[in-house]
Amino acid sequence: MTIPGNTAAQLIYPQSRRGDFLWVLPFYDRDPDTKVRTAKPLTGYLFFFRVLAADQVTAAITAEIGDGLSVTDNIVRITVDFEQWEAEDLFAGCQYIIQLDMVTPTGFLKPLVEAKLTLT
């Protein structure tokens, strides 16, 4: 995953309300001179994922390491079971804000993605 500059990536992400949400994000370091990518070790990094309710403040769905989010080597995997869309009153045809944040081992909070999730 490449995040430009010092701001979160802005995306529009369509998702069917009738299926599970799966987002697999590989992380790499890239040498600025050789342009060679190497897997980024994520030991000590924390990740947090949220789907905000229609009020754009309340977290309707959350995932963190061990609960809907896993980190293996350089891969972050986020899953939301399709039953959660209905359980949290998230409706097809609506657009919701999703956020993915990372906290480095030194405690630096880095928002990675702020996207609009459109449920179809």
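Residues numbered from 1 in each chain as written. Predicted model: local features only at pLDDT ≥ 70, side-chain atom pairs only at ≥ 80, totals over all residues. Heavy atoms only, no water.

Caption draft 1: Spatial organisation of the pairing of strand β8 (residues 75-80). What you see with β8 is a clean split: Val76, Ile78 and Val80 sit on the buried side and Ile75, Arg77 and Thr79 on the side with no burial. Where strand β2 (residues 21-26) lies against β8, six bridges are found, and the strand directions are antiparallel. Bridge pairing links Pro26 to Ile75 in β8. Where strand β7 (residues 68-72) lies against β8, four bridges are found, and the strand directions are antiparallel. The partner of Val71 across the bridge, within β8, is Val76. (Buried < 20%, exposed > 50% of the residue type's maximum accessible area, 1.4 Å probe, protein only. Helix = DSSP H or I, 4+ residues; strand = E, 2+ residues; numbered from the N terminus. Pairing = 2+ DSSP bridges.)

Caption draft 2: Examining the side chain of Gln15 more closely. Inspection of the secondary structure assignment puts Gln15 in strand β1 (residues 9-15). Separated by 3.4 Å, the side chain of Gln15 and the backbone oxygen of Asp20 make a polar contact. Residue contacts for Gln15: discarding those within four places in its chain leaves Asp20, Phe21, Trp85, Leu117, Thr118, Leu119 and Thr120. (Polar contact = N/O pair within 3.5 Å; in protein donor to acceptor, adjacent residues only side chain to side chain. Contact = heavy atoms within 4.5 Å.)

Caption draft 3: Main features of the side chain of Asp101. When you line up the elements, Asp101 lands in strand β9 (residues 95-103). Residue classification places Asp101 among the buried residues on the basis of a relative accessible area of 10%. Polar side-chain contacts of Asp101 include one of 2.4 Å to the side chain of Arg50. Not counting the four nearest positions on each side in its chain, Asp101 is found in contact with Leu46, Phe47, Phe48, Arg50, Leu109, Lys110, Pro111 and Leu112.

Caption draft 4: Structural view of the packing of aromatic side chains. Under the definition given, this model contains five aromatic pairs. Judged by centre distance (6.3 Å) and plane angle (75 degrees), the rings of Trp23 and Phe49 are edge-to-face. Residue Trp23 is located in strand β2, and its partner Phe49 is located in strand β5 (residues 46-52); the two are separated by 26 residues in the primary sequence. Side by side, Trp23 and Phe49 carry an identical accessibility label, which is buried. Between Phe27 and Phe47 the ring centres are 5.5 Å apart and the planes differ by 55 degrees, which places this aromatic pair in the tilted class. Taken as a pair, Phe27 in the loop between β2 and β3 (28-30) and Phe47 in strand β5 lie far apart in primary sequence, 20 residues in all. Comparing Phe27 with Phe47, the two get one shared label, buried. Members of the aromatic cluster, connected to one another through ring pairs, are Phe21, Trp23, Phe49 and Trp85. (Phe/Tyr/Trp six-rings, centres within 6.5 Å; stacked < 30°, edge-to-face > 60°.)

Caption draft 5: View of the environment of Leu69. Among the secondary structure elements, Leu69 is positioned in strand β7. Discounting residues that sit within four places of it in the chain, Leu69 has contacts with Phe47, Phe48, Phe49, Ala63, Glu64, Val76, Arg77 and Ile78.

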